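Chain by chain, the residues:
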Amino acid sequence: MDIQSIKIDLIHWLTQLQDLSVLEQLQGMKAKQESFLKLNSEQTKEVDSRLEKYENGEMKFSPWEQVRERIKSGLV
């Protein structure tokens, strides 16, 4: 089953669900996921800083193979 089919199946199930405790649990899961995805001010500042450096060409990048070798050799 693909992701869209799963969503449609869940939406259909939710529209018929009458169990308040299950709905409250789902609502709690939704709130937890939403709060998990939010960045605090320090995180937002860091992301903005890195994005600015990227856009100005000030960031250095390495191919994955080099990164993997540095990790293996402990030179991170």
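Scroll up for the structure.
Chains are numbered independently. Their residues run from 1 in the order of the written sequence. Thresholds applied to this predicted model are a pLDDT of at least 70 for local features of residues and 80 or more for the giving and counting of side-chain atom pairs; totals over whole chains, interfaces and linings are not thresholded and use all residues. The side-chain values count all of the structure's non-hydrogen atoms but skip hydrogen atoms and water molecules.

A.B. asks: Lay out the overall build of the chain in plain terms, naming residues and giving numbers.
C.D. replies: The helix and strand tally for the chain stands at four helices and zero strands. Helix and strand definitions follow DSSP, with helices as H or I runs of at least four residues and strands as E runs of at least two, each counted in order from the N terminus. Counting helices and strands in the order they occur from the N terminus, the chain gives α-α-α-α. In summary, the chain has a C-alpha radius of gyration of 22 Å against a globular reference of 11 Å for 76 residues, an excess of more than 25%. Seen through its principal axes, the chain has C-alpha atoms that stretch 55 × 30 × 25 Å. As displayed, the chain offers around 7500 Å² of accessible surface, 57% of which is attributable to carbon and sulfur atoms. Between the two quantities, the radius of gyration covers C-alpha atoms and the globule rule is 2.2 Å times the number of residues to the power 0.38. Method for areas: the Shrake-Rupley scheme with a 1.4 Å probe, in which residue coverage is limited to the protein chains shown.

A.B. asks: Outline the pattern of salt bridges, supporting the account with residue identities and numerical values.
C.D. replies: When a carboxyl oxygen of Asp or Glu is within 4 Å of a side-chain nitrogen of Lys or Arg, the pair counts as a salt bridge. All told, the structure shown has two salt bridges when counted by the stated rule. One salt bridge connects Glu 34 with Lys 30, and the closest N-O pair in it is separated by 3.2 Å. You can see Glu 34 and its partner Lys 30 sitting in helix α2 (residues 20–37), four residues apart, about one turn around the helix. The closest approach of N and O atoms between Arg 50 and Glu 46, which form a salt bridge, is 2.7 Å. Highlighted residues: Arg 50 and Glu 46, both in helix α3 (residues 41–55), separated by four residues, approximately one helical turn. Judged by its relative accessible area of 38%, Glu 46 falls in the partly exposed class. Here the term buried applies to any residue with accessible area under 20% of the maximum for its type, exposed to any over 50%, and partly exposed to those in between, with areas from a 1.4 Å probe on protein chains only.

A.B. asks: So what about a negative patch on the surface? Which residues, and what values?
C.D. replies: Residues forming no salt bridge and having over 30% relative accessible area are the ones grouped into patches, like charges within 9 Å of each other and nonpolar side chains (Val, Leu, Ile, Met, Phe, Trp, Tyr) within 5 Å. Positive charges come from Lys and Arg alone, negative charges from Asp and Glu alone, with His and the N- and C-terminal ends not counted. By convention, the point assigned to a charge is CZ for Arg, NZ for Lys, CD for Glu and CG for Asp. Together, Asp 48, Glu 52, Glu 55 and Glu 58 give the surface a local cluster of negative charge. Note on placement: Glu 52 falls in helix α3.

A.B. asks: I'd like to hear about the packing of aromatic side chains, residue by residue, with values.
C.D. replies: Aromatic ring pairs are reported here in terms of the distance separating the ring centres and the angle at which the planes meet. Note on aromatic contacts: the rings of Phe and Tyr and the six-membered ring of Trp form a pair at centre separations within 6.5 Å, being stacked when their planes are under 30 degrees apart, edge-to-face when over 60 apart, and tilted otherwise. One pass over the full model with this rule turns up one aromatic pair. Consider the rings of Tyr 54 and Phe 61, whose centres lie 6.1 Å apart with planes at 85°: the pair is edge-to-face. The same class applies to Tyr 54 and to Phe 61, which are both exposed.

Read these as geometric descriptors, not functional statements.
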